[in-house]
Amino acid sequence: MDNGASSYRRFRDNGDESGLVEIIRDYKDGLILYLTSIVGNIHTAEELAEDTFVLLGTKKPRDKGGGSFKTWLYTIGRNIAIDYLRKYRKRTFVTLEDSAELVSEEEEVESLYLRKEQQITVHRAMRRLSPEHQQVLWLVYFEELSNKEAARVMRRSVRSVESLLYRARKSLKAQLEMEGFDYEKL
């Protein structure tokens, strides 16, 4: 059992607010970056991550115990992001000026989080991939979820995730080759 599950159980069952604080501290950054890969905007992803933690703090849902705490938390965040996209997809417009500003801010966050030039190049190449390819690569390689856990988060079969992961790696390799990146040094 991971620390997130025990921290959440302390919060949910005993009212220990430090358990929720630990969860937010440990999972906030990764959840925000994962949600950014879904909604394409870091500011929106921050709000959705906050909504995820508010849901944990107010409704105190029970984990069905089918996987790790991280998988469960990311599934809740993904569902909130999908609800957001359904609600605002047709209403949201981004001007070119806002788009340029968001990209530069996102690059700052990426450079702080990834800290290495090679990782930034890989991340940029990933942004050119389809959302599903981005999502599966992010879950498996950056969040270090197993194929089974990624399948649970994405609501797909393990076989489907394995196939998607194969195609995503192939697409990422092609993107990196177009940029002249030497991926064999990774």
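This structure is a prediction, so every number in the text was calculated from the model and none was measured.

Caption draft 1: Region of the structure containing helix 9 (residues 158-178). Helix length check: helix 9 (21 residues) gives 30 Å between terminal C-alpha atoms against 30 Å at 1.5 Å per residue, within 8%. Listing the buried residues of helix 9 in full gives Val-161, Leu-164, Leu-165, Ala-168, Leu-172, Gln-175 and Leu-176. Burial along helix 9 is one-sided: seen end-on, the buried residues are contained in an arc of 105°. Exposed residues lying more than 90 degrees from the buried face of helix 9 are Arg-159, Lys-170 and Met-178. Of the residues flanking the end of helix 9, it is Gly-180, one or two places downstream, whose phi is positive at about 75°.

Caption draft 2: Here's a closer look at the packing of aromatic side chains. What the rule picks out here adds up to 8 aromatic pairs. Plain terms: the ring middles of Phe-69 and Trp-72 are 5.6 Å apart, the flat faces sit at 50° to each other, and that makes the pair tilted. Of the two residues, Phe-69 and Trp-72 are both situated in helix 4 (residues 69-88); the distance of 3 residues between them amounts to about one turn of the helix. By way of ring pairs, the aromatic residues Tyr-8, Phe-11, Tyr-27, Phe-69 and Trp-72 are connected into one cluster. Sitting over the face of the ring of Phe-11, Lys-60 holds its NZ or CZ atom 5.0 Å from the ring centroid.

Caption draft 3: Layout of the confidence of the model for the chain. The predicted model of the chain averages 82 in pLDDT, with 77% of residues at 70 or higher. The secondary-structure element of the chain with the lowest mean pLDDT is helix 5 (residues 96-114), recorded at 58, while helix 3 (residues 42-59) shows the highest, at 92.

Caption draft 4: Up close: the environment of Ala-174. Mapped onto the elements, Ala-174 comes out in helix 9. Taking the relative accessible area as the measure of exposure, Ala-174 reaches 37% and is therefore partly exposed. When the C-alpha atoms of Ala-174 and Ala-125 are compared, they prove to be 9.2 Å apart, with 49 residues separating the residues in sequence.

Caption draft 5: Main features of a negative patch on the surface. On the surface, Glu-46, Glu-47, Glu-50 and Asp-51 cluster together to form a negatively charged patch. Mapping Asp-51 onto the fold places it in helix 3.

Caption draft 6: A look at helix 7 (residues 131-142). For helix 7, built from 12 residues, the straight-helix expectation of 16 Å at 1.5 Å per residue is met to within 8% by its first-to-last C-alpha distance of 15 Å. Among the residues making up helix 7, those that are buried are His-133, Gln-134, Gln-135, Val-136, Leu-137, Trp-138, Leu-139 and Val-140. Just downstream of helix 7, Glu-144 is the residue with a positive phi angle, here 55°.

Caption draft 7: Spotlight on the environment of Leu-164. Within the secondary structure layout, Leu-164 lies in helix 9. Judged by relative accessible area, Leu-164 falls into the buried class, the value being 1%. Placed 32 residues apart in sequence, Leu-164 and Glu-132 show a C-alpha to C-alpha distance of 7.9 Å. Residues within four places of Leu-164 in sequence aside, it is in contact with Glu-132, His-133, Val-136, Met-154 and Arg-156.

Thresholds applied
- Residues numbered from 1 in each chain as written.
- Predicted model: local features only at pLDDT ≥ 70, side-chain atom pairs only at ≥ 80, totals over all residues.
- Heavy atoms only, no water.
- Helix = DSSP H or I, 4+ residues; strand = E, 2+ residues; numbered from the N terminus.
- Expected span 1.5 Å × (residues − 1).
- Buried < 20%, exposed > 50% of the residue type's maximum accessible area, 1.4 Å probe, protein only.
- Arc of directions from axis to C-beta.
- Phe/Tyr/Trp six-rings, centres within 6.5 Å; stacked < 30°, edge-to-face > 60°.
- Lys NZ or Arg CZ within 6 Å of the ring centre and 35° of its normal.
- pLDDT = per-residue confidence, 0-100.
- Patch = residues over 30% accessible without salt bridge, like charges linked within 9 Å, V, L, I, M, F, W, Y side chains within 5 Å.
- Areas by Shrake-Rupley, 256 points an atom, 1.4 Å probe, with all protein chains shown as cover.
- Salt bridge = Lys/Arg side-chain N within 4 Å of Asp/Glu carboxyl O.
- Lys, Arg positive; Asp, Glu negative; His and termini not counted.
- Charge placed at Lys NZ, Arg CZ, Asp CG, Glu CD.
- Contact = heavy atoms within 4.5 Å.

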